[in-house]
Amino acid sequence: MTPLKLLAGLATGAMLMATTALAQGYPERQITMVIPFSAGGPTDTVGRLIAERMSADLGQQVIVENVGGAGGTLGAGNVASAEADGYTILLHHIGMATSATLYRNLAYNPLEAFEYIGLVTEVPMTIVARKDLEPTDFASLVTYVKENADTITMANAGIGAASHLCGMLFMQALEAPIVTVPYRGTGPAMTELLGGQIDIMCDQTTNTTEQIKGGTIKGYAVTSPARLDIFPDMPTVAESGFGNMEVSVWHGLYAPKGTPAEAVARLTQSLQAALADPGIAAKLAELGTSPSPAADATPEALKAKLEAEIARWKPVIEAAGTYAD
Ligand code: ASP
């Protein structure tokens, strides 16, 4: 054997050994799950639920790190440039797709910067308001917002957030440019809505359900195509005549590009185990949603969803003409 071939053989052998060692030993220490929004918000709620169950399955803690800001692009950017060793993962939502168009100078390419672990869940949104806002139903809210567009305030979690997308569609439908107030997540925005400092918001049911049921905020409409079991009396925005406002906040789990395939496969397996847990399904059902089926909690399904959603929202965002830069 020539010295060159010997070297090549040794290198391949070393790579195989490293791969096998990773497959056998992974994970050997705690994993950080970055949530690109504030603690206490809807994405955080979903993330903490699955992180806890994945910890049990993996035999190592999956700890949540909230990196809010810039509509989720700050946290996603951190993970895109994190070490691709299987110990940093990202839970993001539909904002991964919308930010691809909203940010023309994004530091990472959403389609290229990550390994895909799988889809997690798809959460409907609700249009809500502080509890003492006058309108009593969605039709009167529409009239009220049109008449008070320059004084009413709408919270969102920054450009690229689901609340931003929903708010943008709401303004387009009403032809009313409402004043928006950005937060690092809709967790803190909810606190301000409860305190009456903010008038309206569009947010996932994982953040609004308990408050609507408790009467501490008003819920007007859901953005899903059909009414929800948890709110049978709440209309969909589509049945109220705003068909273009159908938004479902799908969530996906990612790892930095180059994360070893064995680690990704183990994470996918663990995600599927979490989503199959009846306790998680029950908690999500209380919040108006359900876990993604195992067939969707796969890298292929998440990649296909991201590609389709970038294509879906690109023309809508371009028509709105508002960008982050
Ligand atoms: N609901 C937020 C959004 O607008 C994110 C969050 O705080 O979880 O995307």
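Note that the coordinates shown come from a computational prediction; the quantities given were computed from them, not determined experimentally.

(A) Focus on the site of the ligand. In the neighbourhood of the ligand, the contacting residues comprise Phe-37, Pro-42, Thr-43, His-93, Ala-157, Ala-161, Ala-162, Ser-163, Gly-185, Thr-186, Asp-203 and Gln-204. Taking Thr-43, its side chain carries an N or O atom lying 2.6 Å from an oxygen atom of the ligand. Here Gln-204 contributes a side-chain N or O atom positioned 2.5 Å from a nitrogen atom of the ligand. For the ligand, the accessible surface in isolation is 270 Å², of which the surrounding protein chains cover 100%. A breakdown of the residues in the shell around the ligand according to their chemical character gives five nonpolar, six polar and one charged.

(B) How the structure looks around the packing of helix α2 (residues 42–58) against helix α10 (residues 278–286). Two elements in contact, α2 and α10, have axes whose closest approach is 11 Å; the angle formed by their N-to-C orientations is 175 degrees. Considered as vectors, α2 and α10 are oriented roughly antiparallel to each other. For the pair formed by α2 and α10, the contact residues are Leu-49, Ile-50 and Arg-53 on the first element and Ile-280, Lys-283 and Leu-284 on the second. Residues of the contact of α2 with α10, tallied by class, amount to four nonpolar, no polar and two charged.

(C) Up close: the nonpolar core. Ranked by size, the top nonpolar core spans 55 residues in total, and within it Phe-114, Phe-138, Leu-141, Phe-170, Ile-200 and Tyr-254 carry the most contacts. No other element matches helix α6 (residues 162–174), which puts eight residues into this core. Apart from the residues within four sequence positions on either side, Leu-141 is in contact with Ile-127, Leu-133, Pro-135, Phe-170, Ile-200 and Tyr-220. Within the second largest apolar cluster, 28 residues are counted, among which are Ile-35, Ile-89, Leu-253 and Leu-271.

(D) The arrangement of the packing of helix α7 (residues 186–195) against helix α8 (residues 205–214) in detail. Interhelical geometry of α7 versus α8 gives an angle of 20 degrees and a closest axis separation of 11 Å. Classified by the interaxial angle, the pair formed by α7 and α8 is roughly parallel. Both α7 and α8 take part in a crossing whose hand is right-handed. Of α8, the residues touching α7 (which contributes Thr-186, Gly-187, Met-190 and Leu-194) are Asn-207, Thr-208 and Gln-211.

(E) How the structure looks around the packing of aromatic side chains. According to the stated counting rule, one finds six aromatic pairs in the structure shown. Measuring from ring centre to ring centre gives 6.3 Å for Phe-138 and Phe-170, while their planes differ by 35 degrees; the resulting arrangement is tilted. Linking Phe-138 in helix α5 (residues 138–147) with Phe-170 in helix α6, this pair joins segments that are 32 residues apart in sequence. Over the ring of Phe-231 we find Lys-213; its NZ or CZ atom is 5.6 Å from the centre of that ring.

(F) Structural view of the pattern of salt bridges. Under the criterion given, the structure shown has 13 salt bridges. Among the ionic pairs, Arg-53 bridges to Asp-277, the shortest N-O distance being 2.8 Å. One end of the pair, Arg-53, is in helix α2; the other, Asp-277, is in the loop between α9 (261–275) and α10, and 224 residues separate them in sequence. In this structure, the salt-bridge partner of Arg-266 is Asp-57, at a minimum N-O distance of 3.1 Å. Of this pair, Arg-266 sits in helix α9 while Asp-57 sits in helix α2, and the two are 209 residues apart along the sequence. A residue is classified by how much of its surface remains accessible, and Arg-266, at 22% relative accessible area, is partly exposed. In the salt-bridge network here, residues are joined through shared partners; they are Arg-130, Asp-132 and Asp-199.

Scoring rules and cut-offs
- Sequence positions are assigned chain by chain, starting from 1 and proceeding in written order.
- Note on the predicted model: pLDDT of at least 70 is required for a residue's local features to be given, and 80 or more for side-chain atom pairs to be given and counted; whole-chain, interface and lining totals, by contrast, use all residues.
- Here the side-chain values reflect all heavy atoms present in the structure, with hydrogen atoms and water set aside.
- Nearness is defined per residue: one heavy atom within 4 Å of the molecule or strand is enough.
- Contacts described as polar in this section are N or O atom pairs within 3.5 Å, which, within protein, must combine one atom able to donate a hydrogen with one able to accept it, while residues neighboring in sequence count only if both atoms come from side chains.
- Each accessible area value is a Shrake-Rupley result obtained with a 1.4 Å probe; residue values ignore everything except the protein chains displayed when judging cover.
- Here the nonpolar group is Ala, Val, Leu, Ile, Met, Phe, Trp, Tyr, Cys and Pro; Asp, Glu, Lys and Arg are the charged ones; every other residue, Gly included, is treated as polar.
- Every angle, taken between N-to-C directions, lies between 0 and 180 degrees, and every axis is a line fitted to C-alpha atoms, over only the stretch in contact when it is a helix.
- Only DSSP runs of H or I with at least four residues qualify as helices, and only runs of E with at least two residues qualify as strands; both kinds are numbered from the N terminus onward.
- Roughly parallel here means an angle under 35 degrees, roughly antiparallel means over 145, roughly perpendicular means 65 to 115, and every remaining angle is called oblique.
- Any pair of residues with heavy atoms lying within 4.5 Å of one another is described as a contacting pair.
- What we call a nonpolar core is a set of buried Ala, Val, Leu, Ile, Met, Phe, Trp, Tyr and Cys residues that are connected through their side-chain atoms within 4.5 Å.
- Buried residues are those whose accessible area, probed at 1.4 Å on protein chains only, stays under 20% of the maximum for their type, while exposed residues exceed 50% and partly exposed ones sit between those limits.
- Put simply, a crossing is left-handed when the front helix is turned counterclockwise from the back one by less than a right angle, and right-handed when it is turned clockwise.
- Aromatic rings from Phe, Tyr and Trp, taking only the six-membered ring of Trp, are treated as a pair when their centres fall within 6.5 Å; an angle between ring planes under 30 degrees marks them as stacked, one over 60 as edge-to-face, and anything in between as tilted.
- Counted as over-ring charges are cases with an Arg CZ or a Lys NZ within 6 Å of the ring centre that also lie within 35 degrees of the ring normal.
- For this document, the term salt bridge refers to a Lys or Arg side-chain nitrogen within 4 Å of an Asp or Glu carboxyl oxygen.

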